[in-house]
Structures are given as structure tokens and as C-alpha cells.
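Observations on the model geometry
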Amino acid sequence: MADEAQISELSFEEALKELERIVMRLESGDAQLQEAIDLYERGDQLRSQCAARLDAAQARIEAIRTDTQGRAAGTAPFAAG
């Protein structure tokens, strides 16, 4: 089950869906205090993972190339590594 999966192993879409379920559960107000704390902590980890994946995707989409004077000279695909 996705709730038990390691966050780093989840795809962006899986992490986002789980985060949405957590938010709905917290907003419902039905969770006991300890469960709410645990949900919040997992939700924060999922949020961080999603943000990191979005940042990495954005960087891979396009990187700005500069000329010798530091001016933008075009764009190139981001090469990770």
C-alpha cells in the first residue's frame, strides 16, 4: 500500500495522491491527535519530495547558456550528472 511505501520510492504522482489523501483526512477533523501528528509529518515529507522532484524536473527542462560576458546566449537541455 502507498501509505507504507518509502517516500523516495514513490513516483511524483503517487506522492501527490497520498499527500492529497492526507490533507483530506486532516481537514475532516476525524483523526485523533497522535494520528494527526503522524499524518502531518508524513505529509510534510511527501511535500518536500514533491517539491524536490518538481525542482529537478524544471532544471532538466532547460538550462540557460551564457556567453563569455555572462549574457544569455540561448538555452540547452539540462544535462544532469
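Residues numbered from 1 in each chain as written. Predicted model: local features only at pLDDT ≥ 70, side-chain atom pairs only at ≥ 80, totals over all residues. Heavy atoms only, no water.

1. Points about the environment of E14
The condition that has to hold: By the criteria applied, helices consist of DSSP H or I runs no shorter than four residues and strands consist of E runs no shorter than two, each listed in order from the N terminus. Each residue is assigned to one of three classes by its accessible area relative to the maximum for its type, calculated with a 1.4 Å probe on protein chains only: buried under 20%, partly exposed between the two thresholds, exposed over 50%.
Inspection of the secondary structure assignment puts E14 in helix α1 (residues 12-28). Relative accessible area serves as the criterion here: at 40%, E14 is assigned to the partly exposed category. For the pair E14 and C50, spaced 36 residues apart in sequence, the C-alpha separation works out to 9.7 Å.

2. Thoughts on the nonpolar core
Inclusion rule: Side-chain atoms within 4.5 Å are what join buried Ala, Val, Leu, Ile, Met, Phe, Trp, Tyr and Cys residues into a set we call a nonpolar core. Any two residues whose heavy atoms approach within 4.5 Å at even a single point are treated as in contact.
Membership of the largest hydrophobic core is limited to 9 residues, which are I7, L10, A15, L19, I22, A31, L39, L46 and C50. Going through the elements one at a time, α1 and α2 (33-61) are the ones with two or more residues in this core. In this structure L46 touches I7, L10, A15, E18, L19 and I22, once residues within four positions along its chain are discounted.

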